[in-house]
Amino acid sequence: MKVDLEKCIGCKKCIPFCPQGAIHVEDKKAFIDQEECVECGICVRQIECPRKAFYEPEEVRQWPRSVRKVFGDPTEKHESTGVRGRGTEEVKTNDVTGRVKRGEVGFALEFGRPSIGCRVKDGEVVTIPLAKMGIEFEPCNPLTSLLDTETGIVHDDVRNEKILSAIVEFTIPEERFTEVAATVYDAAQHCKGTVFSWGLVVRYAEDGTIPVTKILDKMGIKYPKNAKVNVGLGRPLTNA
């Protein structure tokens, strides 16, 4: 995004809105740090600029800059997945789609958040070791399209693009959980320059317990006692 300097009066009303802190005012004019801007579009959609000085330049839609917009602007649709936002439902619709079945564990590893963001290459801290383990990354996830899935290495042309956040997704058999969780936990210790959070997606066992909690306890990995339970109104596609 950019500012039309002929319209801008340097009122500073825009500064609190930018999730990346990329807007600053100098000599009574607002400027956007193009290295830090993630093209989320908040400055255009939500800021009540009295002069309507913010605008989207043509280069925002050009590759590789366009990567920033589809990962940061929830109104945009990813070409690789046809899904808006960051391009993943984060298995939130699992009870309907059945993407993760009993006996399986889904991983959702998120890099970057508002006020910090990340570079696309930051995800390599975990995608590279996972690829070496033969992990198959979720194909309906836009980050996967930016990887060499055999090596986990990000394509050169998008490595340094700043994005709001991205999620690495995959599903494994429950029996592989210990080794994969250990790899992810180790990777988290080496994450620099951004934040890295990870979530697990499982179906309740038939007795009402959550299968992976005992394994996490044994590994000494702490986790919150609350969980996100998604109840949808769709017709389940699976009973597994």
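See above for the structure.
Positions within a chain are numbered from 1, following the residues in the order the chain's sequence is written. Local features in this predicted model are restricted to residues whose pLDDT is 70 or higher, and side-chain atom pairs enter the listing and the counts only when it is 80 or higher, whereas totals over whole chains, interfaces and linings include all residues. Only heavy atoms go into the side-chain values, all of them from the structure, while hydrogens and water stay out.

(A) The environment of Gly-41, seen in detail. Note on conventions: DSSP H or I runs of at least 4 residues are helices, E runs of at least 2 residues are strands, and numbering of each starts at the N terminus. Tracing the backbone shows Gly-41 in the loop between strand 3 (29–32) and helix 1 (42–45). Separated by 34 residues in the primary sequence, Gly-41 and Thr-75 place their C-alpha atoms 9.1 Å from one another.

(B) Spotlight on the side chain of Glu-39. With respect to the helices and strands, Glu-39 occurs in the loop between strand 3 and helix 1. A residue is classified by how much of its surface remains accessible, and Glu-39, at 1% relative accessible area, is buried. Polar contacts involving the side chain of Glu-39 include one to the side chain of Arg-65, which spans 2.8 Å. Dropping the residues within four chain positions of it, Glu-39 is found in contact with Met-1, Gln-34, Val-60, Arg-65, Arg-68, Lys-69 and Asp-73. Any residue under 20% of the maximum accessible area for its type is buried, any over 50% is exposed, and the rest in between are partly exposed; the area is computed with a 1.4 Å probe on protein chains only. Polar contact is the term for a pair of N or O atoms within 3.5 Å; when the atoms are in protein, one must be able to donate a hydrogen and the other to accept it, and sequence-neighboring residues count only if both atoms are side-chain atoms. Residues are treated as being in contact if the distance between any of their heavy atoms lies within 4.5 Å.

(C) Main features of the packing of aromatic side chains. Here is the rule: rings of Phe, Tyr and Trp (six-membered ring for Trp) pair when centre to centre is within 6.5 Å. Planes less than 30 degrees apart are stacked, more than 60 are edge-to-face, and the remainder are tilted. Per the stated rule, a full pass over the model turns up four aromatic pairs. A ring pair is formed by Phe-107 and Trp-198, whose centres lie 6.0 Å apart and whose planes are at 10 degrees; its orientation type is stacked. With a gap of 91 residues between them, Phe-107 in strand 5 (residues 104–111) and Trp-198 in strand 11 (residues 196–201) connect regions that are remote in the sequence. Classification of Trp-198 by relative accessible area gives partly exposed; the value is 24%.

(D) The arrangement of the packing of helix 4 (residues 124–132) against helix 5 (residues 177–189) in detail. Orientation is described by lines fitted to C-alpha atoms, with helices fitted over the stretch in contact, and by angles between N-to-C directions that extend from 0 to 180 degrees. Two elements in contact, helix 4 and helix 5, have axes whose closest approach is 9 Å; the angle formed by their N-to-C orientations is 150 degrees. Between helix 4 and helix 5, the crossing angle belongs to the class labelled roughly antiparallel. Here the hand of the crossing between helix 4 and helix 5 comes out right-handed. Each of Val-125, Val-126, Pro-129 and Leu-130 in helix 4 lies in contact with helix 5, whose residues at this interface are Val-180, Thr-183, Val-184 and Ala-187. Partitioned by chemical class, the residues of the contact of helix 4 with helix 5 number seven nonpolar, one polar and no charged. An angle counts as roughly parallel when it lies under 35 degrees, as roughly antiparallel when it exceeds 145, as roughly perpendicular when it falls between 65 and 115, and as oblique in every other case. By definition, any crossing whose near helix is turned counterclockwise from its far helix by less than a right angle is left-handed, and any crossing with a clockwise turn is right-handed. Under the scheme applied here, ten amino acids are nonpolar (Ala, Val, Leu, Ile, Met, Phe, Trp, Tyr, Cys and Pro), four are charged (Asp, Glu, Lys and Arg), and all others, including Gly, are polar.

(E) Highlighting the environment of Pro-211. Tracing the chain through its elements places Pro-211 in the loop between strand 11 and helix 6 (213–219). For the pair Pro-211 and Glu-174, spaced 37 residues apart in the sequence, the C-alpha separation amounts to 8.6 Å. Not counting residues up to four positions away in its chain, the partners in contact with Pro-211 are Glu-174, Val-202, Arg-203 and Ala-205.

(F) Region of the structure containing the nonpolar core. Within the largest apolar cluster, 34 residues are counted, with the highest numbers of intra-cluster contacts made by Phe-107, Leu-109, Val-126, Leu-130 and Phe-170. If you list the elements that add at least two residues to this core, you get helix 2 (66–72), strand 5, helix 4, strand 10 (166–173) and helix 5. For this core, the leading source of residues is helix 5, giving five residues. Buried Ala, Val, Leu, Ile, Met, Phe, Trp, Tyr and Cys residues form a nonpolar core when they are joined through side-chain atoms within 4.5 Å. One finds Met-1, Ala-22, Cys-49 and Ala-53 within the second-largest nonpolar core, a separate group that totals 15 residues.

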